[in-house]
Amino acid sequence: MTSDKPTPQSHTTTVKKLMFVVVGMFAFGFALVPLYDVFCDITGLNGKTNDEAVAYTADGIDTSRTVTVQFITHNAKQIPWKFKPLIQQIKVHPGEQKVVKFYAKNQATQAIVGQAVPSVSPGIAAGYFQKIECFCFERQPLQADEEVEMALQFYVDVDLPKDISTLTLSYTLYDISEKIASL
Amino acid sequence: MTTDTLENTEHHEEHHAQPSGIKRWLYTTNHKDIGTLYLWFSFIMLLVGGGLAMIIRAELFQPGLQIVEPDFFNQLTTTHGLIMVFGAIMPAFTGFANWMIPMMIGAPDMALPRMNNWSFWILPFAFSILIGSFFMESGAPNFGWTFYAPLSTTYSNGSTAFFVFAVHIMGISSIMGAINVIVTIMNMRAPGMTYMKMPLFVWTFFITAYLLIAVMPVLAGVVTMVLTDTYFGTSFFNAAGGGDPVMFQHIFWFFGHPEVYIMILPAFGIVSTIIPAFARKKLFGYSSMVYATASIALLSFIVWAHHMFTTGMPLFGELFFMYCTMLIAVPTGVKVFNWVATMWRGSMSFEIPMLFSIAFVILFTIGGFSGLMLALTPVDFQYHDTYFVVAHFHYVLVTGSLFSIFAGTYYWLPKWTGHMYNQTLAQWHFWCSIISVNLLFFPMHFLGLAGMPRRIPDYALQFADFNKWVSIGGFAFGLSQLLFLAVVIKCIRSGEKAADKPWDGAEGLEWTVASPAPYHTFSTPPAIKDE
């Protein structure tokens, strides 16, 4: 209790403890960034797919189910590329490997390095969408007017929750020329 | 608690040479002066933020674009929100805390008076930066007060840096204010003033101060990330660089949800002080009120994602945040029933502070109920980003927080100024406010349910009638606040001499000192009697 007259020392002690909380919470705000990544990695919360190639592990093909995989593409602002999937959607059995192609053309007058970032919806399905080979694992440098067909080889895990019958894979294409140049 | 001594009222002015004029206010370390500064500052900000709202309502008076461009409209809604949250409501409560907490716990001043001076005087700079950005080429922030990435990063209009530094300064000010309150309460209570004898306003602000030091640093962190994403090429919220824009919302609302309780808990404290005074009964359940406040504060940390139900969370997440949010209705219900039970069979009289407090209980409960509706995940998908949300948070912030600030001002104004205010004019202020505020915000519920989106300068024709009423209510509510200004100025200048304890049912140490409260009070701590 405070029956003794408060001294400047007791104030300093309390202030020090409180400043510790303040600094700790500031650090906690930044710690949320890696924590969020780990959390999403475990739960597939943010629709992020594997960013490195996985080997195909044949657990057999579940022919009793058919899953529709849809492909959509977006251009992030200011990248003057034509970028589209060659087929809009494909039906696969879980466990079955498929290859689909994407088309890209640089319509600018100078070379641009592009990077496609994938995302799966519903997010919970992201962990079951396995890419064996993907153009999104690499940067795509294209000269002016150069065009390219890019391959995606994938399979859908047989453990995909039963209530999911349609997956949408979205690619957003970013211009990363400046970032590459500044490295 | 009562005190049996009146010897605390002696004057000490002769001990110090008082600087006069502007220097008195610039250099002051006196908690009463700083409280006054905070209160005036927050009132000016209320008028500025209210002025912006008047332009918003003028634009929305009829469908179509009449007065402002859509981009400027976005700047108006953004700065209106920022100014009202950080400039009007929060500094007003800090003003109350500065004025009243030392007097309520029998302390001579705040524990850290110089820091107190600093935490006030950096605020005008923060708001000069924010408001000044209106007059710059890029314009003021236009990404909403919630500054969601990528609106505030990739698509920023160039005002992000000013916004970020303004928020940093506001945050530093709030953190210093909070530290000061905690140290004061922990170290400077009068002998015999145990924690469970502290007046409820002290308790609620004590808990609020802890919320502030816990979440304002997180806000500082997230605005820093926005700053580096915008100007220094980091990718916290940029998917191209491996970041995630949804993570912004998680970090922001981790700050943002406790923030809404920062703005309402002190209001609970003020109302819990006023209702027993005019019902002439002890508060029905003091300790349940303390525990309810603490539970609300703790729960506020695990409900943030109810602002984000439509971001595509897994079902488990939606259920978790829905149930946790609904759980908050329990301690809040404890409080509402506590106030009602205090009034039950009390000898009630309806002075102005009581009128505002009763209005608070009823209208805040309406805002609480619409919050409960928003907490339900399935219906939130319909209500999300509509005027229903706008109606909800204005009911809790205007008829909740702001009304408690009015109530508190009318309750303690005689103590601050030494004069009674003009009761008739104050009655006019109350009745004009209560009618216009409901005309202003109640139809917004229906607009939202019918699907009118928020933050849009134009709307479909079927919303025209309601919007016209809302705008009329808005102008009336705005003008009514000039009555408040008139009451306060008249009360400072003249008026009937106030007694030391002008409300016969009032309790607390602040009523044991003279009116107006002497510049220095409780230089020797009062004795607290056991009851």
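Residues numbered from 1 in each chain as written. Chains lettered and ligands numbered in written order. Predicted model: local features only at pLDDT ≥ 70, side-chain atom pairs only at ≥ 80, totals over all residues. Heavy atoms only, no water.

A. Region of interest: the overall build of chain B. Counting its secondary structure elements, chain B contains 17 helices and zero strands. Across its three principal directions, the C-alpha atoms of chain B cover 65 × 50 × 45 Å. Counting every position in chain B, which comprises 531 residues, the buried fraction comes to 62%. Considering only contacts within chain B whose residues lie at least 6 apart along the sequence, 83% involve residues at least 24 apart. (Helix = DSSP H or I, 4+ residues; strand = E, 2+ residues; numbered from the N terminus. Buried < 20%, exposed > 50% of the residue type's maximum accessible area, 1.4 Å probe, protein only. Contact = heavy atoms within 4.5 Å.)

B. Representation of the UniProt feature "domain: Cytochrome oxidase subunit I profile" (unreviewed entry) in chain B. When the UniProt feature table is mapped onto this chain numbering, "domain: Cytochrome oxidase subunit I profile" (unreviewed entry) sits at residues 25-529 of chain B. Across residues 25-529 of chain B, the secondary structure splits into 68% helix and 0% strand, with the terminal C-alpha atoms separated by 36 Å. (UniProt positions renumbered as here; feature names shortened; annotations may be inferred.)

C. Focus on the state of the cysteines. All chains considered together, the criterion is met by one disulfide over all chains. Paired through a disulfide, A:Cys134 and A:Cys136 show a sulfur-sulfur distance of 2.3 Å. Handedness of the A:Cys134-A:Cys136 disulfide follows from its S-S torsion of about 130 degrees: it is right-handed. Here A:Cys134 matches A:Cys136 in class, with each residue buried. With no disulfide of its own, B:Cys432 lies 19 Å from the sulfur of B:Cys491, the closest cysteine sulfur. When its relative accessible area of 26% is taken as the criterion, B:Cys432 is described as partly exposed. (Disulfide = S-S within 2.5 Å.)

D. Layout of helix 4 (residues 113-121) of chain B. Residue and element names in this part refer to chain B. Those residues of helix 4 that fall on the buried side of the exposure criterion are Asn116, Asn117, Ser119 and Phe120. All buried residues of helix 4 lie within an arc of 165 degrees about the axis, which places them on one face of the element. In helix 4, the exposed residues that point more than 90 degrees away from the buried face are Arg114 and Trp118. The inward-facing, buried residues of helix 4 contact helix 1 (22-27), helix 2 (31-59), helix 3 (70-105), helix 5 (123-132) and helix 6 (160-187). (Arc of directions from axis to C-beta.)

E. Highlighting the sheet that holds strand 6 (residues 129-134) of chain A. Residues and elements named next belong to chain A. What the four strands build is an open sheet, ordered 2-4-8-6; its pairing is antiparallel. With one partner strand each, in any of the chains shown, strand 2 (81-85) and strand 6 form the two edges of the open sheet. On average, each strand axis in the sheet is inclined to that of its neighbour by 25 degrees, with strand direction left out of account. Alignment of strand 2 against strand 4 (residues 97-106), held across five bridges, turns out to be antiparallel. For Trp81, the partnering residue across the bridge sits in strand 4 and is Asn106. (Pairing = 2+ DSSP bridges. Axes fitted to C-alpha atoms, helices over the stretch in contact; angles between N-to-C directions.)

F. A look at the sheet that holds strand 7 (residues 140-142) of chain A. Residues and elements named next belong to chain A. Strands sit in the order 3-1-9-5-7 across an open sheet of five strands; the sheet is mixed. Every interior strand has two partners, whereas the edge strands, strand 3 (89-92) and strand 7, have only one. When strand polarity is set aside, the average angle formed by the axes of neighbouring strands in this sheet is 30 degrees.

G. Here's a closer look at the domain arrangement of chain A. According to the domain assignment, chain A consists of domain 1 (6-43) and domain 2 (67-182). When each unit is reduced to the centre of its C-alpha atoms, the spacing between domain 1 of chain A and domain 2 of chain A is 40 Å. (Domains from an automatic or database assignment.)

H. Quick peek at the interface of chain B and chain A. Taken together, the 44 residues of chain B in the interface contact 29 residues of chain A. The junction of chain B with chain A conceals about 2900 Å² of combined surface from both sides, 74% of it contributed by carbon and sulfur atoms. Taken together, chain B and chain A are joined by zero salt bridges. Only helix 6, helix 7 (200-231) and helix 8 (245-262) of chain B provide two or more residues apiece to the side of chain B that touches chain A. The greatest single-element share of the side of chain B that touches chain A, amounting to nine residues, is contributed by helix 7 of chain B. Here the residues of the side of chain B that touches chain A sort into 27 nonpolar, 15 polar and two charged. (Buried area = accessible area lost by both parts, 1.4 Å probe. Salt bridge = Lys/Arg side-chain N within 4 Å of Asp/Glu carboxyl O. Nonpolar A, V, L, I, M, F, W, Y, C, P; charged D, E, K, R; others polar.)

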